[in-house]
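So the chains spell out like this:
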Amino acid sequence: MSQTHIHPSAVVEHGARIGQGVRIGPLCHIGPDVTLGDGVELVGHVSVIGVTTIGDGTTVYPHAVLGGPPQDLKHKGGRTTLTVGRNCTIREYVTMHTGTDSGRGATVVGDNGFFLVAAHVAHDCIVGDNVTMTNQATLGGHCEVGDHVIIGGLTAVHQNVRIGRRAFLGGCSAIVGDVIPFAMAVGNRARLQGFNLVGMRRAGMARAQVLTMREAYRRIFDPRQPVARNLEAVAVDYADAPEVMEIVDFMTKRGKRHMCVPPYADAGEPGDGSDG
């Protein structure tokens, strides 16, 4: 598979950089500023344009468009980029846009991503490794998505929102606030529903770790006093629990932000977030 195959009906513009073992199927269009890593496969009718780099071993299915200009009226046409990592699967009609010249200037997608039909990654997003975006899941501009996140079908993430690693976003949800690591968020507008226990087990987390995190979760979102005060106490009492401290850091290191919270935290009613 060291030889590259380009279908006669494909258009590869002068300047494009094509790695070894690349397969470019019928009716594909590759722009002049595109780099395709070794072993990339464009199944057919794929457009890769803009200043776009596709990592080794990634497969892209028909009608996907990668590297299109950002859908942002503030963008003035500067040279911005899209970088997609290695061994990703990008299914039909997926779109990923380059960054904006008024933002970070780059959209970055990590390794081993699984992007199902018509998923969308907007300008200036940072998407981690091993992320799954199911059918028609959408990221607004400037979102940050941690490793091993799963986003359900038809779920929309509002611009500038952060999703912590190993979070699970249920299908048909509207995510308008940051979602803490390991959490499960569902609904319109989404609320936390405890932890993503399935993902935590897949990560090999021990039962004792999970119980500690659930206890800390209840304390963080205890409605009897402000979350900021709860976080201060949890940071002291759980200083030797790395996963808890990851959540505390996520909630405190970026200043005051809108966060997804459990229903009882909004309503002032006690509860445990239905986390199983």
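Residues numbered from 1 in each chain as written. Predicted model: local features only at pLDDT ≥ 70, side-chain atom pairs only at ≥ 80, totals over all residues. Heavy atoms only, no water.

## Here we look at the overall build of the chain
Part 1: The secondary structure content of the chain amounts to five helices and 28 strands.
Part 2: Against the 2.2 N^0.38 benchmark of 19 Å for 276 residues, the chain shows a C-alpha radius of gyration of 21 Å, consistent with a compact globule.
Part 3: For the chain, the accessible surface area stands at approximately 12600 Å², while carbon and sulfur atoms represent 51% of it.
Part 4: Taking the average location of the 25 positive side-chain charges in the chain and that of its 26 negative ones, the two points are 3 Å from each other. (Helix = DSSP H or I, 4+ residues; strand = E, 2+ residues; numbered from the N terminus. Rg over C-alpha atoms; globule rule 2.2 N^0.38 Å. Areas by Shrake-Rupley, 256 points an atom, 1.4 Å probe, with all protein chains shown as cover. Lys, Arg positive; Asp, Glu negative; His and termini not counted. Charge placed at Lys NZ, Arg CZ, Asp CG, Glu CD.)

## Section: the environment of N112
Part 1: Looking at the secondary structure, you find N112 in the loop between β15 (106-109) and β16 (114-115).
Part 2: Each C-alpha atom, one on N112 and one on G85, is 7.2 Å from the other, the two residues being 27 residues apart in sequence.
Part 3: Those residues in contact with N112, other than ones at most four positions away along the chain, are R86, N87, C88, N130 and V131. (Contact = heavy atoms within 4.5 Å.)

## Looking at the UniProt feature "domain: UDP N-acetylglucosamine O-acyltransferase C-terminal" (unreviewed entry) in the chain
Part 1: Following the UniProt record, one finds the feature "domain: UDP N-acetylglucosamine O-acyltransferase C-terminal" (unreviewed entry) at residues 178-257.
Part 2: Helix makes up 52% of residues 178-257 and strand makes up 14%, while its end C-alpha atoms are separated by 8 Å. (UniProt positions renumbered as here; feature names shortened; annotations may be inferred.)

## A few points about the domain arrangement of the chain
Part 1: Along its sequence, the chain is organised into domain 1 (5-142) and domain 2 (201-252).
Part 2: Relative to domain 2, the C-alpha centre of domain 1 lies at a distance of 37 Å. (Domains from an automatic or database assignment.)

## Thoughts on the pairing of strand β27 (residues 183-187)
On a regular strand, one side chain projects to one face of the sheet and the next to the other, so that they alternate.
Part 1: The pairing of strand β25 (residues 168-169) with β27 spans two bridges and is parallel. The residue of β27 that forms the bridge with F168 is M184.
Part 2: Pairing of β27 with strand β28 (residues 190-195), which is carried by four bridges, proceeds in the antiparallel orientation. The residue bridging A183 from the neighbouring strand is F195, located in β28. (Pairing = 2+ DSSP bridges.)

## Concerning the packing of aromatic side chains
To describe a pair of aromatic rings, one takes the distance between the centres and the angle between the planes.
Part 1: Counting across every chain of the model gives two aromatic pairs.
Part 2: Three or more aromatic residues joined by ring pairs form one cluster here, namely F195, Y217 and F221.
Part 3: Between R91 and the ring centre of Y61, over which it is positioned, the NZ or CZ distance is 4.3 Å.
Part 4: For the cation-ring pair, R162 lies above F250, with the distance from its terminal atom to the ring centre recorded as 4.0 Å. (Phe/Tyr/Trp six-rings, centres within 6.5 Å; stacked < 30°, edge-to-face > 60°. Lys NZ or Arg CZ within 6 Å of the ring centre and 35° of its normal.)

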